[in-house]
Amino acid sequence: MRLSLKMGLAALIAAIPALASAHLGHEHTTSFMTGFMHPMGGLDHLLAMLAIGLWAASLGGRALWAVPAAFVGTMLVGGGLAVAGVQVPFIEQGIVLSVILMGALLVGAARFPITVCAGIAGLFALFHGAAHGLEMPLNANGAEYALGFAAATALLHVAGIGFGMAVARFQAPIVTRVMGSVIAIVGMYLAIT
C-alpha cells in the first residue's frame, strides 16, 4: 500500500470518533491536544479539510502542496487575528459556506490556476482559523494550541489527498464528484440547522 494512502487511512480512522461538534471544551488536555481536537471534532471543519485535500488531489501537480499549504498558513493567520481581538465577520457562515462551496468545486471538477485555487483555500481558511482562535481556552499555550490545530488540519488534508489519489489511481473521478455532492449537501444541512 502506498504511503499517502496509508497516511490517509490513518487520518480517517483517527477522525471517526470525533464526528460530533468541534465546539466542545477540552480543558483537561494539553494545549496541543485541545488545538488538535478542534478541527477533528466538528463535522463542518472535518468535511472542509477533507474536501481541500480531495480538491488538491484532483488538481494534481503543485496544487497537491500549494492548496493545503495556503489553507494551513492562512488558517494560522485567522487564528492569530482572533486571539489578537480582531473581529473576523461571519465566521460560522463562512465555515458552512466553505463546506458547501468546496463540495460544489468537487462536483464541478473545478480547475483554476494554482494561485486562484490557493486563494480560494486561503479565504475559507481565514474563517476556520478565526473559529479556532476564538475557541482557544484561556489557559492554553497559544503556540501549542496553534500547532495542534495546524497538525490536525494538515492530517485531514493528507487524508483527503490520499483518498483522492486512490480514486485517481482507479480512474474513477465520479467518486470524487459524489463525495463533493455529499459534502455540499451536508453543508446545506448544517446551514439550515
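A quick note: this is a predicted structure, and the numbers were derived from the prediction, not measured.

### Let's talk about the overall build of the protein chain
For step 1, the next point in the chain: Per the secondary structure count, the protein chain includes eight helices and zero strands.
For step 2, the next point in the chain: Its helices and strands in sequence order give the protein chain the pattern α-α-α-α-α-α-α-α, from N to C terminus.
For step 3, the next point in the chain: When burial is assessed residue by residue, the protein chain has 47% of its 193 residues classed as buried.
For step 4, the next point in the chain: Residue pairs at least 24 apart in sequence account for 79% of intrachain contacts in the protein chain once pairs closer than 6 positions are excluded.
For step 5, the next point in the chain: In the structure as shown, the protein chain presents an accessible area of about 9,200 Å², 74% of it carried by carbon and sulfur atoms.

### As for the packing of helix H3 (residues 43-59) against helix H4 (residues 63-83)
Two quantities define a packed helix pair, namely the angle between the helix axes and the distance between the axes.
For step 1, the next point in the chain: Two elements in contact, H3 and H4, have axes separated by 8 Å at closest approach and are oriented at 155°. When the axis of H3 is compared with that of H4, the two are roughly antiparallel. In the crossing of H3 with H4, the sense of the turn from one axis to the other is right-handed. Of H4, the residues touching H3 (which contributes Met49, Ile52, Trp55, Ala56, Ala57 and Leu59) are Ala63, Leu64, Val67, Pro68 and Phe71.

### So, helix H8 (residues 173-192)
Residues lying three or four places apart along an α-helix face the same way, a consequence of the helix completing one turn every 3.6 residues.
For step 1, the next point in the chain: Counted at 1.5 Å a residue, the expected span for H8 with its 20 residues is 28 Å, and the 29 Å between its end C-alpha atoms agrees.
For step 2, the next point in the chain: The set of residues buried in H8 consists of Thr176, Gly180, Ile183, Ala184 and Gly187. For H8, the arc enclosing every buried residue in end-on projection is 100°, short of the 170-degree limit, so these residues lie on one face. Residues of H8 that are exposed and point more than 90 degrees away from the buried face comprise Ile174, Ile185, Tyr189 and Ile192.
For step 3, the next point in the chain: Packing partners of the buried residues in H8 comprise H3, helix H5 (91-107) and helix H7 (142-169).

### Let's talk about a nonpolar patch on the surface
For step 1, the next point in the chain: There is a patch of nonpolar side chains on the surface, built from Phe163, Ile174, Val175, Val178, Met179 and Val182 and spanning about 460 Å² of accessible area.
For step 2, the next point in the chain: The element contributing the most residues to the nonpolar patch is H8, with five residues.
For step 3, the next point in the chain: Residue position: Val175 is located in helix H8.
For step 4, the next point in the chain: Given the relative accessible area of 31%, Val175 is considered partly exposed.

### Here's the deal with the environment of Gly61
For step 1, the next point in the chain: Looking at where Gly61 falls in the secondary structure, it is placed in the loop between H3 and H4.
For step 2, the next point in the chain: Sequence separation of Gly61 and Ile114 is 53 residues, and the distance between their C-alpha atoms is 9.4 Å.

### Let's talk about the packing of helix H2 (residues 31-41) against H3
For step 1, the next point in the chain: At a closest axis distance of 5 Å, the pairing of H2 and H3 adopts a crossing angle of 80°. Classed by the angle they form, the pair H2 and H3 counts as roughly perpendicular. Between H2, through His38, Pro39, Met40 and Gly41, and H3, the contact on the second element is made entirely by Leu43, His45 and Leu46.
For step 2, the next point in the chain: The residue inventory of the contact of H2 with H3, partitioned by class, reads four nonpolar, three polar and no charged.

### As for the confidence of the model for the protein chain
For step 1, the next point in the chain: Here the protein chain averages 86 in pLDDT, and 85% of its residues register 70 or above.
For step 2, the next point in the chain: Counting contacts from residues 11-27, a segment whose pLDDT is below 50, to residues more than four positions away or on other chains yields 31 contacts.

### Side note on the environment of Ala166
For step 1, the next point in the chain: As for its position among the elements, Ala166 is in helix H7.
For step 2, the next point in the chain: We classify Ala166 as buried; its relative accessible area is 16%.
For step 3, the next point in the chain: Placed 109 residues apart in sequence, Ala166 and Ala57 show a C-alpha to C-alpha distance of 9.4 Å.

Cut-offs used in this document
- Residues numbered from 1 in each chain as written.
- Predicted model: local features only at pLDDT ≥ 70, side-chain atom pairs only at ≥ 80, totals over all residues.
- Heavy atoms only, no water.
- Helix = DSSP H or I, 4+ residues; strand = E, 2+ residues; numbered from the N terminus.
- Buried < 20%, exposed > 50% of the residue type's maximum accessible area, 1.4 Å probe, protein only.
- Contact = heavy atoms within 4.5 Å.
- Areas by Shrake-Rupley, 256 points an atom, 1.4 Å probe, with all protein chains shown as cover.
- Axes fitted to C-alpha atoms, helices over the stretch in contact; angles between N-to-C directions.
- Parallel < 35°, antiparallel > 145°, perpendicular 65-115°, else oblique.
- Left-handed = near helix turned anticlockwise from the far one by under 90°.
- Expected span 1.5 Å × (residues − 1).
- Arc of directions from axis to C-beta.
- Patch = residues over 30% accessible without salt bridge, like charges linked within 9 Å, V, L, I, M, F, W, Y side chains within 5 Å.
- Salt bridge = Lys/Arg side-chain N within 4 Å of Asp/Glu carboxyl O.
- Nonpolar A, V, L, I, M, F, W, Y, C, P; charged D, E, K, R; others polar.
- pLDDT = per-residue confidence, 0-100.

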